[in-house]
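Structural overview
If you want the building blocks of each chain, they are given just below.
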Amino acid sequence: MLAQARLTFRLHRFILVSIAFLLILASVAAVIVAARFQAIGLISSNGGLECDAPADAPINYCDSQFSQWQWLDGNMSGPVLALLMVVAPLSGLLAGVGLVGREIEDRTASVAWSLAPSRMRWLIGRVAPVAILLAVLLAFAAVAGNVLQGARQPSIDPLLSFDNDGGRGPTLIALGLVAFALAVLMGSIIGRVFPAFIASAVIFFVLIAFGLGARWALVSSQAVIVDQKHWSGNDGSIMLEQLVRYPSGEIGSANGMWWGYDDQGNLTGQLAGSTMLMREVPGSAYPLVAGVESGAMLVIAGGFLAASGLVVRRRRPY
């Protein structure tokens, strides 16, 4: 197995080194931006940020610190997290598409398969080392994304927050591995690297589109109703809709309705005597949602690899 792993890395060293470079570069960028947040020196306070100015600081010290934070958050953190979300599946596609497809395209599969004890052992020897390397690199990127998210929102635990969850955490790892397994399957079926890459990318985005609907159903199932007075909007939760509880106790949607408040904060006008509510998915539901969706994606990835094994066993080596 080790000998076959060395051979695999040697045959695909250019693409594997490129993938490692991309993932490490994006991960290091996330860590650097997180360090810049921490260097600004703002501290978490009551769900927000507070400036602890030194005694000899100039008058506009805190304004400058908040400006730096806002610029960094608006211009650096979002793009870096988006980069992680793009690089992870792209790396999976690039890593997987040539493992079988290149052998068939270069007409070397017949020799390789005839020398191997079995086609399945040959496939496992090709796929397993690359999958392990990719998983390690994706795990590093997932942790870096969590570090960045925690630095840009220090009052919120990134492991209990839905904010930017597609660019960090277990979801990022699962996305990359699904793309990898799909690319291996398409390379096995099509037997040409570039057409297989295009087909893999198209199918991957179609799967993501369908998966978003299933994910939303899962997320919505974790919704709870809270009093608007207890809803901050900055706690890692997802706000689904605004509701109103009428004096009769009935709860209805407040969308499109007008209301006002008196000096004591009581509702007046159309909703006088009612209570404003929020239907939200709390950040505490994030571990469950991330675990279920990541597990589902890994099961799909396993199905793709199993299908690749069937294809390799049955197809001609050209």
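Residues numbered from 1 in each chain as written. Predicted model: local features only at pLDDT ≥ 70, side-chain atom pairs only at ≥ 80, totals over all residues. Heavy atoms only, no water.

Some points on the overall build of the protein chain
Each helix and strand counted, the protein chain has eight helices and eight strands in total. Projected onto the principal axes, the alpha-carbon positions of the protein chain cover approximately 85 × 60 × 25 Å. Looking at the protein chain as a whole, 42% of its 318 residues are labelled buried. Counting only contacts in the protein chain whose residues sit at least 6 apart along the sequence, the fraction spanning at least 24 positions is 75%. Total accessible area on the protein chain stands at roughly 16,200 Å², and carbon and sulfur atoms take up 64% of it. Averaging the locations of the 20 positively and 19 negatively charged side chains of the protein chain gives two centres separated by 29 Å. (Helix = DSSP H or I, 4+ residues; strand = E, 2+ residues; numbered from the N terminus. Buried < 20%, exposed > 50% of the residue type's maximum accessible area, 1.4 Å probe, protein only. Contact = heavy atoms within 4.5 Å. Areas by Shrake-Rupley, 256 points an atom, 1.4 Å probe, with all protein chains shown as cover. Lys, Arg positive; Asp, Glu negative; His and termini not counted. Charge placed at Lys NZ, Arg CZ, Asp CG, Glu CD.)

Structural notes on helix H6 (residues 169-190)
Between the first and last C-alpha of H6 there are 32 Å, a value that for 22 residues agrees with the 32 Å anticipated at 1.5 Å per step. The buried count for H6 comes to 18 of 22 residues, which makes it a mostly enclosed element. Note on H6: the residue one or two positions beyond its end, Gly191, has a positive phi of about 75 degrees. (Expected span 1.5 Å × (residues − 1).)

Some remarks on the pattern of salt bridges
For the structure on display, the rule yields six salt bridges. A salt bridge links Arg152 to Asp73, with the nearest nitrogen and oxygen atoms 2.7 Å apart. Pair noted here: Arg152 is in helix H5 (residues 119-152) and Asp73 is in helix H3 (residues 61-105), with a separation of 79 residues, a long-range link. For Asp73, a relative accessible area of 26% corresponds to the partly exposed category. In this structure, the salt-bridge partner of Arg102 is Asp106, at a minimum N-O distance of 3.6 Å. Residue classification places Arg102 among the partly exposed positions, given a relative accessible area of 34%. Here the salt bridges share partners, and the residues they tie into one network are Asp165, Arg215 and Glu293. (Salt bridge = Lys/Arg side-chain N within 4 Å of Asp/Glu carboxyl O.)

Looking at the pairing of strand E4 (residues 238-245)
Pairing of E4 with strand E8 (residues 275-281), which is carried by seven bridges, proceeds in the antiparallel orientation. Paired with Ile238 across the two strands is Val281, which belongs to E8. Two strands pair when backbone bridges link them, and E4 and strand E5 (residues 251-253) are joined in this way by three bridges, in the antiparallel orientation. The partner of Arg245 across the bridge, within E5, is Ile251. From the end of E4 to the start of E5, which pair antiparallel, there are five residues, and Gly249 there has a positive phi angle of about 100 degrees. (Pairing = 2+ DSSP bridges.)

Considerations on the environment of Cys62
As for its placement among the helices and strands, Cys62 is situated in helix H3. Note on Cys62: relative accessible area 22%, which makes it partly exposed. Here the alpha-carbon distance between Cys62 and Glu50, two residues twelve residues apart in the chain, equals 8.8 Å. Those residues in contact with Cys62 that lie beyond four places of it in its chain are Cys51 and Ala53.

As for the domain arrangement of the protein chain
A common way to state how big an interface is: give the accessible area lost once the parts meet. Domain annotation for the protein chain reports domain 1 (2-51 + 59-219 + 285-314) and domain 2 (224-281). A separation of 39 Å is found between the C-alpha centroids of domain 1 and domain 2. Residue-level contacts link ten residues of domain 1 with six residues of domain 2. Across the domain 1 to domain 2 interface the summed buried area is about 640 Å²; carbon plus sulfur atoms make up 63%. One can count zero salt bridges joining domain 1 with domain 2. Within the side of domain 1 that touches domain 2, the residues separate by chemical class into six nonpolar, three polar and one charged. (Domains from an automatic or database assignment. Buried area = accessible area lost by both parts, 1.4 Å probe. Nonpolar A, V, L, I, M, F, W, Y, C, P; charged D, E, K, R; others polar.)

Structural notes on a nonpolar patch on the surface
Together, Phe194, Ile198, Val202, Val206 and Phe210 make up an exposed nonpolar region whose accessible area comes to about 530 Å². Assignment of secondary structure puts Ile198 in helix H7 (residues 193-220). Relative accessible area serves as the criterion here: at 39%, Ile198 is assigned to the partly exposed category. (Patch = residues over 30% accessible without salt bridge, like charges linked within 9 Å, V, L, I, M, F, W, Y side chains within 5 Å.)

Points about the sheet that holds strand E3 (residues 224-227)
Pairing is antiparallel across the open sheet formed by four strands, whose spatial order is E3-E8-E4-E5. In the strand order of this sheet, the two ends are held by E3 and E5, each with one partner. On average, each strand axis in the sheet is inclined to that of its neighbour by 40 degrees, with strand direction left out of account. Here H7 sits on the sheet and contacts E4 and E8; the angle it forms with E4, its principal contact strand, is near 45 degrees. (Axes fitted to C-alpha atoms, helices over the stretch in contact; angles between N-to-C directions.)

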